[in-house]
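Here is how the chains run, residue by residue.
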Amino acid sequence: MGLYNIFLADDDEDDRFTFSLALEPFKEKVTLVTSSDGQELLDRLFAADTNPDLIILDNNMPRKDGIACLKEIRATKKFEPIPVIIFSTSADALSVERALKYDADHYIHKPHNLSQLKKIIAFCMKVDRAGTKPGR
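Residues numbered from 1 in each chain as written. Predicted model: local features only at pLDDT ≥ 70, side-chain atom pairs only at ≥ 80, totals over all residues. Heavy atoms only, no water.

### Focus: the packing of aromatic side chains
Part 1: One pass over the full model with this rule turns up two aromatic pairs.
Part 2: Pairing Phe46 with Phe79 gives two aromatic rings, centres 5.0 Å apart and planes at 70 degrees, and the pair type is edge-to-face. Highlighted residues: Phe46 in helix α2 (residues 38-47) and Phe79 in the loop between α3 (66-74) and β4 (84-88), separated in sequence by 33 residues.
Part 3: With a relative accessible area of 0%, Phe79 lands in the buried category.
Part 4: Cation over ring: Lys71 sits above Tyr102, and NZ or CZ is 4.4 Å from the ring centre. (Phe/Tyr/Trp six-rings, centres within 6.5 Å; stacked < 30°, edge-to-face > 60°. Helix = DSSP H or I, 4+ residues; strand = E, 2+ residues; numbered from the N terminus. Buried < 20%, exposed > 50% of the residue type's maximum accessible area, 1.4 Å probe, protein only. Lys NZ or Arg CZ within 6 Å of the ring centre and 35° of its normal.)

Here you go:
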């Protein structure tokens, strides 16, 4: 198995840093490409030679939020196989419903500690659009 590639869009620099810290146990197997908003992620995604294995989007970001980014990803044929997870501080039912309506593979409330985040990352890496999706 080669490297597992994750694209992460989150406007909070501390959250991006914490996410990279949580990847330490996977550092030999995972590469992380971070963006500060959905538009930057889309620019990187369209410019990439190969698709990432997973895209994680914060819901609330400037320029292009997670849902707008998700809609564009799902409207692009070559990105259809990529699992997309909305990862947000908001856990209200309307936000979750909206994300799933636009075909997010999962909606995860951001945890409050590094240990929980490590477990969530391990979970996220098991999401597969072609097969069973954990938690759905």
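Read on for the rest.
### Structural notes on the nonpolar core
Part 1: With 19 residues, the main nonpolar core has Leu41, Leu45, Ile55, Leu57, Leu70, Ile73 and Ile86 as its most contacted residues.
Part 2: Residue assignment for this core shows that the elements contributing at least two residues are β1 (4-9), α2, β3 (54-57), α3 and β4.
Part 3: Here the element with the most residues in this core is α3; it accounts for four residues.
Part 4: Not counting residues up to four positions away in its chain, the partners in contact with Leu41 are Phe7, Leu8, Ala9, Ser35, Ile55, Leu57, Cys69 and Ile73.
Part 5: With 18 residues, the next largest nonpolar core counts Phe19, Phe26, Val30 and Ile108 among its residues. (Core = buried A, V, L, I, M, F, W, Y, C linked by side-chain atoms within 4.5 Å. Contact = heavy atoms within 4.5 Å.)

### Quick look at the pairing of strand β5 (residues 106-109)
Part 1: Taken together, the four bridges between β4 and β5 define a ladder with parallel strand orientation. Along β5, the bridge assignment pairs Ile86 with Tyr107.
Part 2: For the crossover from β4 across helix α4 (residues 93-101) to β5, the handedness is right-handed. (Pairing = 2+ DSSP bridges. Right-handed = clockwise from strand over helix to strand, strands pointing away.)

### Focus: the packing of helix α1 (residues 13-22) against helix α5 (residues 114-124)
The relative placement of two packed helices comes down to the angle between their axes together with the axis-to-axis distance.
Part 1: Viewed as axis vectors pointing N to C, α1 and α5 meet at an angle of 70 degrees, and their least axial separation amounts to 9 Å. Considered as vectors, α1 and α5 are oriented roughly perpendicular to each other. The crossing of α1 and α5 is right-handed. Here α1 contributes Thr18, Phe19, Leu21 and Ala22 to the contact with α5, which in turn contributes Leu114, Leu117, Lys118 and Ile121. (Axes fitted to C-alpha atoms, helices over the stretch in contact; angles between N-to-C directions. Parallel < 35°, antiparallel > 145°, perpendicular 65-115°, else oblique. Left-handed = near helix turned anticlockwise from the far one by under 90°.)

### Comments concerning the sheet that holds β1
Part 1: With parallel pairing, the five strands of this open sheet are ordered in space as β2-β1-β3-β4-β5. Each edge of the open sheet is held by one strand with a lone partner, namely β2 (30-35) and β5. Recorded for the sheet is a direction-independent mean angle of 20 degrees between the axes of neighbouring strands.
Part 2: Taken together, the four bridges between β1 and β3 define a ladder with parallel strand orientation. The residue of β3 that forms the bridge with Phe7 is Ile55.

### A word on α1
Part 1: What α1 keeps buried is the set Arg16, Phe19 and Ala22. For α1, the angular spread of buried residues about the axis comes to 120 degrees, placing them on one side. Exposed and facing more than 90 degrees away from the buried side of α1 are Glu13, Asp14 and Phe17.
Part 2: Lining the buried residues of α1 we find β1, β2, β3, β4 and α5.
Part 3: For α1, the capping residue at the N-terminal end is Asp12, with a side-chain oxygen 2.8 Å from the backbone nitrogen of Asp14. (Arc of directions from axis to C-beta. Polar contact = N/O pair within 3.5 Å; in protein donor to acceptor, adjacent residues only side chain to side chain.)

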